[in-house]
Amino acid sequence: MRSIPKTAGVIVFLAIAGLAFAPRFAAAPQRLRPDFRALFDKTDVMIPMRDGVKLHTEFYTPKNATTRLPILMNRTPYGIASPDKGTSNMILRYADMVPEGYIFAFQDIRGRYGSEGKFVMLRPLHDPSDLKGVDESTDTYDTIDWLVKNVPNNNGRVGLDGISYDGFLVTMGMIHPHPALKAASEQACMGDTWLGDDFFHNGAFRLSYAFEYTALLESSNENFSFAFDRFDVYDFYLRLGALSNANEKYFHGKLPTWNEFVAHASYDDFWKHHAVAYGLKEPTVPNLNVAGWWDQEDFYGPMATYARLEESDSKHLNYLVAGPWNHGGWGGGPGKSLGAIPFGSDTSIYFRQKIELPWFEYWLKDKGALPLKEALLFETGSNNWVQFDSWPPREAQTRNLYFRENGKLSFDARQIPPTPPTITSAIPRIPSRIVIPQST
């Protein structure tokens, strides 16, 4: 989810410390950036969906291309248009792929920014009995169908790519996929926002995150930054009081997702129907699941999606990459460290150039070889990328780990006499600051 910088005066929650709603892409210094206007012809279109709603889409065709090229598409709720109506900043994410020859397509999803229709947060699949129903799966299908029929000099192959909410949209596009969809990469997808991603972590409600994100996406059809009345955001939430006060004082029942938080505090059918697992039952196209070991928002999503799809992956379409990143940290910057922790190499550049690019080259152009056998994971400590032909490794064994005295852990199951509990005092209204490390 998109980053919204905010210095919370007291606890800068893992959800807030810059409120990492979506990955922020640290692009190359300006002097090193290519002049995208000189490299691409931009086309701005409104693509009709099966129900008549039109979705705002920009596609960029390389100038002077000598061969037919694949289309790489990213759909998003966060807005694709550049403020100056020039080249979309979305293309910075794919700067490493530009020299290799791709047509890039970016789209505002239904009800957001330049697109028509009504926005629904993590829109669930429509009822199959509703022949006129729409969802993110049908919108992706209809968009791909239009692109391959109307974009000049495309080779009839499309790839889907996206991080966080955009990653969720990738998974939806893999449900009843268009025949032209030949490869996908869901990255940090919002797989299940009650079990482990974003709004709830294992059922624990993340108040600040949920409050600000629903305001961000549902206050209008463009991103909205909630105006706090004090610098100390932690103090704001202390003074908010009961959860019902959010509607009474600020939202007034107008934000659908906030209302759902209140109505569905436990894991019920509402959450299950909004989860990736509800619709994506088996691999349909080659998919590269990407996760960050220190992703504070969506580590659960890609790992759970990989594990679930692996159960029925008879055609070997399901792959996994996990690296030493926070949320979306692989999407920009070198990735040589996380805060003060060095990794000995530029892990994010390595991912973009040696994993992601070859992945799409292989499936969309029949070039090169796959960059991984099955799973490619960065092993912290040794700071090496390690290949696996299965994950978990076939030789892995499940063992129990036990807490022991003096802060130690042990695999030994022996019983030890219990020690008296240590009683400490807590002063909840005098919190401490937490600084969240940034990827570099």
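Residues numbered from 1 in each chain as written. Predicted model: local features only at pLDDT ≥ 70, side-chain atom pairs only at ≥ 80, totals over all residues. Heavy atoms only, no water.

Chemist: Just give me the short version of the overall build of the protein chain, but keep the residues and values in it.
Modeler: A count of helical and extended segments in the protein chain gives 11 helices and 18 strands. Split into buried and exposed, the 440 residues of the protein chain put 51% on the buried side. Contacts in the protein chain between residues at least 24 apart in sequence constitute 68% of all its contacts with a sequence separation of at least 6. Of the accessible surface of the protein chain, which amounts to about 20,800 Å², a share of 54% is contributed by carbon and sulfur atoms. (Helix = DSSP H or I, 4+ residues; strand = E, 2+ residues; numbered from the N terminus. Buried < 20%, exposed > 50% of the residue type's maximum accessible area, 1.4 Å probe, protein only. Contact = heavy atoms within 4.5 Å. Areas by Shrake-Rupley, 256 points an atom, 1.4 Å probe, with all protein chains shown as cover.)

Chemist: With reference to specific residues and values, describe the packing of aromatic side chains.
Modeler: The way to describe two aromatic rings as a pair is by their centre distance and the angle between their planes. Within this structure, the stated rule accounts for 51 aromatic pairs. Between the aromatic rings of phenylalanine 59 and tryptophan 146, the centroid separation amounts to 6.4 Å while the plane-to-plane angle is 55°, which identifies the pairing as tilted. Residue phenylalanine 59 is located in strand E4 (residues 54-62), and its partner tryptophan 146 is located in helix H2 (residues 136-150); the two are separated by 87 residues in the primary sequence. For phenylalanine 59, a relative accessible area of 4% puts it in the buried group. The interplanar angle of 80° and the centroid separation of 5.9 Å between the aromatic rings of tryptophan 258 and phenylalanine 261 together place this pair among those described as edge-to-face. Taken together, the residues tryptophan 258 and phenylalanine 261, both in helix H7 (residues 256-263) and three residues apart, mark about one turn of the helix. (Phe/Tyr/Trp six-rings, centres within 6.5 Å; stacked < 30°, edge-to-face > 60°.)

Chemist: Describe in detail helix H3 (residues 165-173), supporting the description with residues and values.
Modeler: Among the nine residues that make up H3, nine are buried, leaving the element largely enclosed by the rest of the structure. For H3, the complete set of buried residues consists of Tyr165, Asp166, Gly167, Phe168, Leu169, Val170, Thr171, Met172 and Gly173.

Chemist: Could you give an account of the nonpolar core, with specific residues and numbers?
Modeler: Counting residues in hydrophobic clusters, the biggest one holds 60 residues, and the most contacted among them are Tyr165, Phe199, Phe211 and Tyr213. Tallying contributions element by element places helix H4 (residues 207-218) first for this core, with seven residues. (Core = buried A, V, L, I, M, F, W, Y, C linked by side-chain atoms within 4.5 Å.)

Chemist: Lay out the pairing of strand E7 (residues 154-163) with the relevant residues and their values.
Modeler: In terms of burial, E7 is a largely internal element, seven of the 10 residues being buried. As paired strands, strand E5 (residues 69-76) and E7 are joined by four bridges and run parallel to one another. Bridge pairing in E7 links isoleucine 71 to valine 158. Pairing geometry for E7 and strand E8 (residues 181-187), over six bridges, is parallel. Looking at E8, one finds that glycine 159 is bridged to alanine 183. Crossover handedness for the path E7 to H3 to E8: right-handed. (Pairing = 2+ DSSP bridges. Right-handed = clockwise from strand over helix to strand, strands pointing away.)

Chemist: Lay out the sheet that holds strand E3 (residues 40-48) in plain terms, naming residues and giving numbers.
Modeler: Pairing within the open sheet is mixed, and its 10 strands lie in the order E3-E4-E6-E5-E7-E8-E11-E12-E15-E16. Two strands bound the open sheet, and with one partner strand each, they are E3 and strand E16 (384-388). Between one strand and the next, the sheet's axes are offset by a mean angle of 20°, whatever the strand orientation. Of the pairings in the sheet, the one linking E4 to strand E6 (residues 103-108) comprises four bridges and is antiparallel in character. By the bridge assignment for E6, phenylalanine 59 is matched with alanine 105. Strands E5, E7 and E8 of the sheet are contacted by H3, whose axis makes an angle of about 135° with E7. Packed onto the sheet, helix H10 (residues 300-310) meets E8, strand E11 (287-292) and strand E12 (318-323) and runs at close to 145° relative to E11. (Axes fitted to C-alpha atoms, helices over the stretch in contact; angles between N-to-C directions.)

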